[in-house]
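Working through the structure, step by step
Here is how the chains run, residue by residue.
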Amino acid sequence: MSFRELMEKYKIGQATAEERRMVEEELEKFELINEFEYEKFEETVTEETDTSIRKDNRNQDEEFTASIRREIRRTFVRAGIITGAAVIAIVLFILFAMPRITDLFYYDPGQNIAVSESGKEDSNETNRMSLDMAVYTELMTPEALRDYVNVEDRGYGCYDINIIQTVTQDNEETRNVSGRIERNKLTLYDTNVINPLIGNTFGWYQRGETGKSLRQQDEDEIKAGLITENEEICHGTITPDYNREELEQLEERRGYYAYVTLNKMMNYEDFINFFDKTGLGYGWCAVKTYEPANDEKYRPKNLGFVFSPTSSAPLQWDDEKYPQLRRTLSDTDEASYKREDVATKHFISMLNYMSDNEKFCRMMKTDENGFDPQSAVEYVKDNGLTIYGFVTRADKDKLLELLNRDEIYTVYVK
């Protein structure tokens with residue numbers, strides 16, 4: 001009997017005890033074989049699964065690592081680009097922008113201040129220091145009129161400058177002055193050219209009365225025993241003889257700058273009428289700019305202006321704010337030089353211009369000489385132009401001739 005037939009009898013309950021034992025033994029064998037096969041299959045599946053998982057994990061790790069590397073690379077590239085751009089920006093800022101920004105905090109001699117009628121910057125440049133120096137020297141340094149300055153910007157408030165002499169008188173030697181400006185500090189390589197008039201340049205220094213003539217004051221002091229007849233007073237003596245001896249020592253056929261003290265102060269029109277009679281050319285007049293107190297000695301500020309036509313650099317400025325600031329040969333009405341209203345406007349405009357340019361004034365140290373432009377403006381507005389002396393350029397014979405005039409107290413040549 002086959003095992004299949006035996007199994008059929010076992011399932012329907014017709015198998016004998018021996019047959020049941022045989023079937024059950026076979027079933028037990030079959031169960032053990034199945035368990036064995038299952039365990040073997042499970043191990044195989046587990047091993048394959050683990051291998052697959054490890055392979056997947058390894059692939060994922062490799063892909064993740066590659067991704068990390070790519071991201072790091074991109075990050076470094078971005079950082080490099082950003083850093084490089086930042087470095088370039090900083091370098092460009094330091095090289096180009098920083099010097100200009102720094103310049104804003106300091107006096108800029110090369111600033112273009114020319115303005116056209118439309119209110120826009122004019123192509124015909126007038127740099128700041130050219131106009132500043134033109135006004136400053138006309139007010140304070142009649143021997144050193146300067147109205148043109150070459151400027152080279154070195155950045156950070158530092159400049160190289162060359163002050164050119166464009167105006168000369170007679171056989172005057174031309175002298176340019178070079179220097180530098182470093183953050184509002186001016187250094188000139190020749191300090192003997194552009195120096196303001198200070199102290200007793202004119203004989204009115206420390207006189208008791210400005211309304212009385214100098215000769216009359218001398219006579220009063222001699223009578224009072226305050227001075228002797230041959231005692232030196234300021235740049236001369238009480239008599240013209242000593243002054244004449246000094247002038248006679250001058251060389252012939254040579255021009256000299258002379259500081260001429262008037263015997264008595266004159267209003268502007270009287271002074272111009274007198275000057276016209278002298279036949280002199282160049283003229284700069286010293287203007288009275290304050291009234292001393294009753295017990296105060298007079299200390300003139302030695303401020304003035306050029307009243308004779310001169311050549312000049314073509315400068316531009318705000319003519320509405322500073323009318324008649326510059327007067328040159330190009331002026332159409334030369335007769336206007338003799339009018340006090342025009343001269344007053346010119347002098348006041350120069351004082352106002354200096355008052356508005358504090359950086360330049362501090363750089364030139366005008367405060368050390370007691371320069372107070374606004375008080376001078378107020379005095380001139382209230383009292384007009386009063387002249388106590390003038391500067392001219394002439395030869396020996398002309399200066400000696402001047403000394404013979406009653407209107408002159410002394411003629412001093414440095």
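Refer to the structure presented above.
A short tour of the structure in this document, coming up. Keep in mind that what you see is a predicted model, and the values were worked out from it rather than measured. (Residues numbered from 1 in each chain as written. Predicted model: local features only at pLDDT ≥ 70, side-chain atom pairs only at ≥ 80, totals over all residues. Heavy atoms only, no water.)

As for the pattern of salt bridges
A side chain with one charge can pair with a side chain of the opposite charge if their charged atoms come near. As a reminder, the rule being used: What counts as a salt bridge is simple: a side-chain nitrogen of Lys or Arg found within 4 Å of a carboxyl oxygen of Asp or Glu. Residue exposure (1.4 Å probe, protein chains only): buried if accessible area is under 20% of the type maximum, exposed if over 50%, otherwise partly exposed.
Evaluation of the coordinates by the stated rule reveals 20 salt bridges. Across the salt bridge formed by Arg254 and Glu251, the nearest N and O atoms sit 3.8 Å from each other. Judged by its relative accessible area of 48%, Glu251 is partly exposed. Across the pair Glu291 and Lys288 runs a salt bridge, and its minimum N-O distance is 2.9 Å. What makes Glu291 partly exposed here is its relative accessible area of 46%. A single salt-bridge network, built from bridges that share partners, covers Arg154, Asp160, Arg180 and Glu182.

A look at the sheet that holds strand S4 (residues 185-188)
For clarity, the cut-off: Note: two strands are recorded as paired if DSSP finds a minimum of 2 bridges between them. Helical segments are the DSSP runs of H or I of at least four residues, strand segments are the runs of E of at least two, and each set is numbered from the N terminus. Only C-alpha atoms enter the line fits that serve as axes; for helices the fit covers just the stretch in contact. Angles between N-to-C directions range over 0 to 180 degrees. Whether two residues are in contact is decided by their heavy atoms: any pair within 4.5 Å suffices.
Sheet architecture is open: four strands sit in the order S1-S2-S3-S4, paired in antiparallel fashion. Taken across any chain shown, the strands that pair with only one partner, and hence form the sheet edges, are strand S1 (148-155) and S4. Averaged over all pairs of adjacent strands, the angle between strand axes in this sheet comes to 20 degrees, irrespective of strand direction. Across seven bridges, the pairing between S1 and strand S2 (residues 158-164) is antiparallel. Bridge pairing links Val149 to Ile163 in S2. Helix H3 (residues 128-140) contacts S1, S2, strand S3 (177-182) and S4 of the sheet and is inclined by roughly 135 degrees relative to S1.

Let's talk about unusual backbone geometry
Residue Asn184 is not a glycine yet carries a positive backbone phi of 70 degrees. If you trace the backbone, Asn184 turns up in the loop between S3 and S4. For Arg253, which is not glycine, the phi torsion reads 50 degrees and is therefore positive. Along the chain, Arg253 turns up in the loop between helix H5 (240-248) and strand S7 (256-267).

Overview of the layout of surface pockets
We count it as follows: The pocket and cavity definitions rest on a 1 Å grid over protein atoms only: a 1.4 Å probe that fits but cannot leave marks a cavity, an open set with protein on both sides within 12 Å along at least five of seven lines marks a pocket, and residues lining either have an atom within 4 Å of a point. Grid points are joined across faces, edges and corners, and a volume is the space filled by probe spheres set on the points. Under the scheme applied here, ten amino acids are nonpolar (Ala, Val, Leu, Ile, Met, Phe, Trp, Tyr, Cys and Pro), four are charged (Asp, Glu, Lys and Arg), and all others, including Gly, are polar.
In this structure, the largest pocket spans a volume of roughly 500 Å³. If you go around the largest pocket, you meet 23 residues; those closest to its centre are Glu143, Glu172, Arg175, Tyr257 and Arg393. Looking at the lining of the largest pocket, the element that brings in the most residues is S7, giving three residues. Looking at the lining of the largest pocket residue by residue, the classes come out as nine nonpolar, six polar and eight charged. A volume near 370 Å³ is recorded for the second largest pocket.

Some details on a nonpolar patch on the surface
For clarity, the cut-off: Grouping into patches uses exposed residues only, defined as over 30% relative accessible area, and leaves out salt-bridged ones; the cut-off is 9 Å for like charges and 5 Å for nonpolar side chains (Val, Leu, Ile, Met, Phe, Trp, Tyr). Reported accessibility uses the Shrake-Rupley method at a 1.4 Å probe radius. Residues are deemed covered only where the shown protein chains occlude them.
On the surface, a nonpolar cluster with roughly 430 Å² of combined accessible area is contributed by Phe64, Ile68, Ile72 and Phe76. Its place among the elements puts Ile68 in helix H2 (residues 17-103).

Some thoughts on a negative patch on the surface
How we decide: We score Asp and Glu as negative and Lys and Arg as positive, and we do not count His or the chain ends. For charged residues, the charge sits on one atom: NZ in Lys, CZ in Arg, CG in Asp, CD in Glu.
Side chains of Glu28, Glu31, Glu35 and Glu39 sit close together on the surface and give a patch of like negative charge. Inspection of the secondary structure puts Glu28 in helix H2.

Structural notes on the sheet that holds strand S8 (residues 283-287)
A sheet is described by the order of its strands in space; here five strands give the open sequence S9-S8-S10-S7-S11, paired in antiparallel fashion. Taken across any chain shown, the strands that pair with only one partner, and hence form the sheet edges, are strand S9 (303-306) and strand S11 (408-413). Adjacent strand axes in the sheet meet at a mean angle of 25 degrees, parallel and antiparallel pairs treated alike. Relative to S11, S7 is paired through five bridges, and the arrangement is antiparallel. If you follow Thr261 over to S11, its bridge partner there is Thr410.

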